[in-house]
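So the chains spell out like this:
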Amino acid sequence: MLSAGLEILGLSLCVIGSLLVMVSCGLPMWKVTAFIEANIVVAQTIWDGLWMSCVVQSTGQMQCKVHDSVLALSHDLQAARALTIISSVMGVLGLMVVIAGAQCTNCLSTEQVKARVVNAGGVIYITSGLFVLVPLCWMANNIISDFYNPQVPASKKREIGAALYIGWASSALLLIGGSLLCCSCPASGNSGYSVKYSPTKRATPNGDYDKRNYV
């Protein structure tokens, strides 16, 4: 029961983490305009994402433009695109692997094989969490470096957007859930009770049972 509970808890965390990775990948708020110095009077906010850039007016009107060329993007955005997509695909793959080896399913019959399959699913989820963690930290490092760089104009400086925080939360859930799945162990096949069957009682030629059967 404990192993099954760990599987359910770990799988739940991993599924939520994978969904948050997809949400973070689609949101345009990876980089947000930094309101410093003269920028505080600007009546618009610029969002930079993996797939598009958006301009939000002070009136609430928003206009978005999809990035025209992948090669024109910075290296951190290109890496973030690739790694977040790979992480999302691995999340779906890990879900299928864990379901196939879960104790509540009958896809596999041997308990040892089930445990190994669930452990493999946990490794997939841990790898997925690391894949999404790398571009997040890379992006955050570049944002912070540019923010404190005096050579970067104030209009070009950005702050960490909400998508990065969501991505960090998803990475933590994937790492924790994958670790729980790796702790899954096969259920013990030895029961505390053993069933012993007595030999069949044989009747004597005269139709009566042998007295030894009652000893």
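Structure: see above.
Residues numbered from 1 in each chain as written. Predicted model: local features only at pLDDT ≥ 70, side-chain atom pairs only at ≥ 80, totals over all residues. Heavy atoms only, no water.

Student: Let's hear about the overall build of the chain: which residues, and what values?
Tutor: For the chain, the count of helices and strands is 4 helices and 5 strands. Beginning at the N terminus, the succession of helices and strands in the chain can be written as α-β-β-β-β-α-α-β-α. For the chain, the residues scored as buried account for 35% of the 215 residues in total. Put simply, of all contacts in the chain between residues at least 6 apart along the chain, 65% involve residues at least 24 apart. Just so you have it, the chain exposes about 13100 Å², and 65% of that area is on carbon and sulfur atoms. (Helix = DSSP H or I, 4+ residues; strand = E, 2+ residues; numbered from the N terminus. Buried < 20%, exposed > 50% of the residue type's maximum accessible area, 1.4 Å probe, protein only. Contact = heavy atoms within 4.5 Å. Areas by Shrake-Rupley, 256 points an atom, 1.4 Å probe, with all protein chains shown as cover.)

Student: Can you tell me about the pattern of salt bridges, naming the residues and giving the values?
Tutor: Close approach of charged atoms allows side chains with opposite charge to pair. Under the definition given, this model contains 3 salt bridges. Aspartate 48 is paired through a salt bridge with arginine 158; the nearest N and O atoms lie 3.3 Å apart. Of this pair, aspartate 48 sits in strand β2 (residues 44–48) while arginine 158 is found in strand β5 (residues 158–160), placing the two residues 110 residues apart along the sequence. On the basis of relative accessibility, which here comes to 18%, the residue aspartate 48 falls in the buried class. Across the pair aspartate 68 and lysine 65 runs a salt bridge whose closest N-O atoms are separated by 3.6 Å. Taken as a pair, aspartate 68 and lysine 65 share a single burial class, namely exposed. (Salt bridge = Lys/Arg side-chain N within 4 Å of Asp/Glu carboxyl O.)

Student: Describe the pairing of strand β3 (residues 52–57), naming the residues involved and giving the relevant values.
Tutor: Consecutive side chains along a regular strand alternate between the two faces of the sheet. Bridge count between β2 and β3: 5 bridges; the pairing is antiparallel. Following the sheet pairing, threonine 45 is matched in β3 by valine 56. Between β2 and β3, which pair antiparallel one after the other, the connecting turn spans 3 residues. Here β3 runs beside strand β4 (residues 62–66); their pairing, made up of 5 bridges, is antiparallel. Its bridge partner being in β4, serine 53 is matched across the sheet by lysine 65. What sits between the antiparallel neighbours β3 and β4 is a turn of 4 residues, in which glycine 60 has the positive phi angle 100°. (Pairing = 2+ DSSP bridges.)

Student: Describe the state of the cysteines, listing the residues and the values that go with them.
Tutor: Taken as a whole and judged by the stated rule, the model has 1 disulfide. The residue that forms a disulfide with cysteine 54 is cysteine 64, at a sulfur-sulfur distance of 2.0 Å. Judged by the torsion about the S-S bond (110°), the cysteine 54/cysteine 64 disulfide is right-handed. Placement of the pair is cysteine 54 in strand β3 and cysteine 64 in strand β4, with a sequence separation of 10 residues. Assessed through its relative accessible area of 1%, cysteine 54 is described here as buried. Considering cysteine sulfurs only, cysteine 182 is the nearest to cysteine 14, which forms no disulfide, with 8.9 Å between them. (Disulfide = S-S within 2.5 Å.)

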